Amino acid sequence: MRQYEVIETKETQKKVKKIICNKCGKEIPTEKGEPRADFLSVEKRWGYFSEKDNQVDSFDLCEECYDAFVATFVIPVGE
Ligand SMILES: [Zn+2]
């Protein structure tokens, strides 16, 4: 989940203020809008052959929650 700060200039910009893990709520450390820890960022636009035609879902997971998530897979993640 991203929280943005709106910067008023000639063209309005959005700068990442906070990145929060959707699963545990922990904040991913950032410095000047840049992440200082690695994390998983997912953005998915569902297509016509789904029940969510054109819906866009997005979430961020910290490394700990990513590890816990992929540990539930029947087939391990590939390299
Ligand atoms: Zn987390």
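Residues numbered from 1 in each chain as written. Predicted model: local features only at pLDDT ≥ 70, side-chain atom pairs only at ≥ 80, totals over all residues. Heavy atoms only, no water.

Caption draft 1: Seen up close, the coordination of the zinc ion. Taken together, C21 (SG), C24 (SG), C62 (SG) and C65 (SG) make up the full set of protein donors to the zinc ion, lying 2.3 Å away. Angles of 104 to 116° at the metal separate the four donor atoms of the zinc ion, which places the site in the tetrahedral class. Sequence spacing of the donor residues for the zinc ion, all on one chain, is C-x2-C-x37-C-x2-C. What makes C24 partly exposed here is its relative accessible area of 43%. (Donors = N, O, S within 2.8 Å, 3.2 Å for Na, K, Ca; no water. Tetrahedral: all angles 85-135°; square planar, octahedral: opposite > 155°, others 65-115°. Buried < 20%, exposed > 50% of the residue type's maximum accessible area, 1.4 Å probe, protein only.)

Caption draft 2: How the structure looks around the packing of aromatic side chains. Taken as a whole and judged by the stated rule, the model has two aromatic pairs. Ring plane angle 85° and centroid distance 5.3 Å describe the contact between Y48 and F49, whose orientation is recorded as edge-to-face. Across this residue pair, the class does not change: Y48 and F49 are exposed. Relative to F73, the ring of F69 lies with its centre 5.1 Å away and its plane at 80°, an arrangement referred to as edge-to-face. According to the relative accessible area criterion, F73 is partly exposed, its value standing at 34%. For the cation-ring pair, K44 lies above W46, with the distance from its terminal atom to the ring centre recorded as 5.1 Å. Above the plane of the ring of W46 lies K52, whose end atom (NZ or CZ) is 4.4 Å from the centre. (Phe/Tyr/Trp six-rings, centres within 6.5 Å; stacked < 30°, edge-to-face > 60°. Lys NZ or Arg CZ within 6 Å of the ring centre and 35° of its normal.)

Caption draft 3: Broad picture of the sheet that holds strand β1 (residues 2–7). Reading across from one edge, β1-β2-β3 is the order of the three strands in this open sheet, with antiparallel pairing throughout. The open sheet has two free edges, formed respectively by β1 and β3 (27–28), since each of these has just one partner strand. (Pairing = 2+ DSSP bridges. Helix = DSSP H or I, 4+ residues; strand = E, 2+ residues; numbered from the N terminus.)

Caption draft 4: The arrangement of a negative patch on the surface in detail. Residues D38, E63, E64 and D67 make up a contiguous surface patch of negative charge. A residue is classified by how much of its surface remains accessible, and E64, at 58% relative accessible area, is exposed. (Patch = residues over 30% accessible without salt bridge, like charges linked within 9 Å, V, L, I, M, F, W, Y side chains within 5 Å. Areas by Shrake-Rupley, 256 points an atom, 1.4 Å probe, with all protein chains shown as cover. Salt bridge = Lys/Arg side-chain N within 4 Å of Asp/Glu carboxyl O. Lys, Arg positive; Asp, Glu negative; His and termini not counted. Charge placed at Lys NZ, Arg CZ, Asp CG, Glu CD.)

Caption draft 5: Highlighting the environment of G33. With respect to the helices and strands, the residue G33 is situated in the loop between β4 (30–31) and β5 (34–35). Considered as a pair, G33 and G78 are 45 residues apart in the sequence and their alpha carbons are 30 Å apart. Non-local contacts of G33, meaning those with residues more than four positions away in its chain, are made with K15 and V16. (Contact = heavy atoms within 4.5 Å.)

Caption draft 6: Representation of the nonpolar core. Judged by nonpolar contacts, V16, I19, C21, I28, F39, L61, C62 and C65 together constitute the single largest core of eight residues. Every element with two or more residues in this core is listed here: β2 (13–20) and β7 (56–62). Beyond its immediate stretch of four places on either side in the chain, V16 contacts R2, Q3, Y4 and G33. (Core = buried A, V, L, I, M, F, W, Y, C linked by side-chain atoms within 4.5 Å.)

By themselves, these figures tell us nothing about what the structure is for.
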